[in-house]
Amino acid sequence: MKIGIISDTHGNIDKVVNEFKDSDVNLILHLGDNSEDGIIIEKKLQREVIAVRGNCDFYDRKNPLERIIEIGDKKIFMTHGHEYNVKREMNTLYYRGKELEVDIVLFGHTHIPYLNIGEKLKIFNPGSTLLPRGNSPASIGIMDFESDGVNFKKIAI
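So, here is what we can say about the structure in this document. (Residues numbered from 1 in each chain as written. Predicted model: local features only at pLDDT ≥ 70, side-chain atom pairs only at ≥ 80, totals over all residues. Heavy atoms only, no water.)

Describing the pairing of strand 5 (residues 74–79)
- Inspection of the sheet shows strand 4 (residues 66–71) paired to strand 5 by 6 bridges, in the antiparallel sense. Residue Ile68 lies in a different strand from strand 5, and its bridge partner there is Phe77.
- Looking at chain direction, strand 5 and strand 6 (residues 104–106) are connected through 3 bridges and run parallel. Across the sheet, residue Ile76 finds its bridge partner in strand 6, namely Ile104. (Pairing = 2+ DSSP bridges. Helix = DSSP H or I, 4+ residues; strand = E, 2+ residues; numbered from the N terminus.)

Right under this line is the structure:
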């Protein structure tokens, strides 16, 4: 199973739709900041989008600030990251993942792709589809559940 991961879309969804329209992505996770872009993406692609709110989602009362979902035998913690000081350090987010006993932590907010594969916990940020930072291109992510485990890929768009 392949899952698309997006964050910090800020209304820039055309490239997201183009990237996923002919792909075998089954589900899309939106990690906040214009989380309501997920509604448009869901309609255009006819695929489910699960979202959390970010610090710029002032009018979104539908989506929670964070959530835990289960896919297969993996527990996934979704958050935008602004409440975990992710622009300065990863320890708070890491320990929150450990406290929740999840396998994967997905976050956004920094607009910079990030991947840390630990023995017990994987942490991934797909970057931003608009306004990328840290000399990274605009990007999205793919989380691929394969027989050898979960693999992550960042895709420049």
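Regarding helix 1 (residues 14–21)
- Among the residues of helix 1, those classed as buried are Val16, Val17 and Phe20. Each buried residue of helix 1 lies within a common arc of 95° when the element is viewed along its axis, so the set occupies one face. (Buried < 20%, exposed > 50% of the residue type's maximum accessible area, 1.4 Å probe, protein only. Arc of directions from axis to C-beta.)

A word on the nonpolar core
- With 18 residues, the main nonpolar core has Leu29, Ile76, Met78, Leu106 and Met143 as its most contacted residues.
- Mapped by element, the contributors of at least two residues to this core are strand 1 (2–6), strand 2 (25–30), strand 4, strand 5, strand 6, strand 9 (139–146) and strand 10 (149–156).
- Excluding anything up to four places from it in sequence, Ile76 contacts Arg67, Ile68, Ile69, Ile71, Val102, Ile104, Leu106, Met143 and Phe145.
- By size, the runner-up hydrophobic cluster in this structure holds 13 residues, among which are Ile6, Ile13, Val16 and Ile140. (Core = buried A, V, L, I, M, F, W, Y, C linked by side-chain atoms within 4.5 Å. Contact = heavy atoms within 4.5 Å.)

Here's the deal with the packing of helix 1 against helix 2 (residues 37–45)
- Running from N to C, helix 1 and helix 2 point in directions that differ by 35°, and their axes come no closer than 10 Å. As for how helix 1 packs across helix 2, the hand of that crossing is right-handed. Two secondary-structure elements touch here, helix 1 through Asp14, Val16, Val17, Phe20 and Lys21 and helix 2 through Ile41, Lys44 and Leu45.
- Tallied by class, residues from the contact of helix 1 with helix 2 come to 5 nonpolar, no polar and 3 charged. (Axes fitted to C-alpha atoms, helices over the stretch in contact; angles between N-to-C directions. Left-handed = near helix turned anticlockwise from the far one by under 90°. Nonpolar A, V, L, I, M, F, W, Y, C, P; charged D, E, K, R; others polar.)

Remarks on the pattern of salt bridges
- All told, the structure shown has 3 salt bridges when counted by the stated rule.
- Its salt-bridge partner being Arg96, residue Glu66 comes within 3.3 Å of it at the nearest N-O pair. Remark: Arg96 occurs in helix 3 (residues 91–100) and Glu66 occurs in strand 4; sequence separation between them is 30 residues.
- Judged by its relative accessible area of 25%, Glu66 is partly exposed.
- Its salt-bridge partner being Arg96, residue Glu99 comes within 2.6 Å of it at the nearest N-O pair. Taken together, the residues Glu99 and Arg96, both in helix 3 and 3 residues apart, mark about one turn of the helix.
- According to the relative accessible area criterion, Glu99 is exposed, its value standing at 55%.
- A residue is classified by how much of its surface remains accessible, and Arg96, at 22% relative accessible area, is partly exposed.
- When salt bridges with common partners are traced through the structure, they connect Glu66, Arg96 and Glu99 into a single cluster. (Salt bridge = Lys/Arg side-chain N within 4 Å of Asp/Glu carboxyl O.)

A look at the sheet that holds strand 1
- Ordered in space as 3-2-1-9-10, the 5 strands form an open sheet in which the pairing is mixed. One side of each edge strand has no neighbouring strand; the edge strands of this open sheet are strand 3 (49–51) and strand 10. Adjacent strand axes in the sheet meet at a mean angle of 25° when their direction is disregarded.
- Of the pairings in the sheet, the one linking strand 1 to strand 2 comprises 5 bridges and is parallel in character. The residue bridging Ile6 from the neighbouring strand is His30, located in strand 2.
- Contacting strand 1, strand 2, strand 9 and strand 10, helix 1 crosses the sheet at an angle of about 30° to strand 9.
- Contacts from helix 2 reach strand 1, strand 2 and strand 3, with the element oriented near 170° to strand 2.

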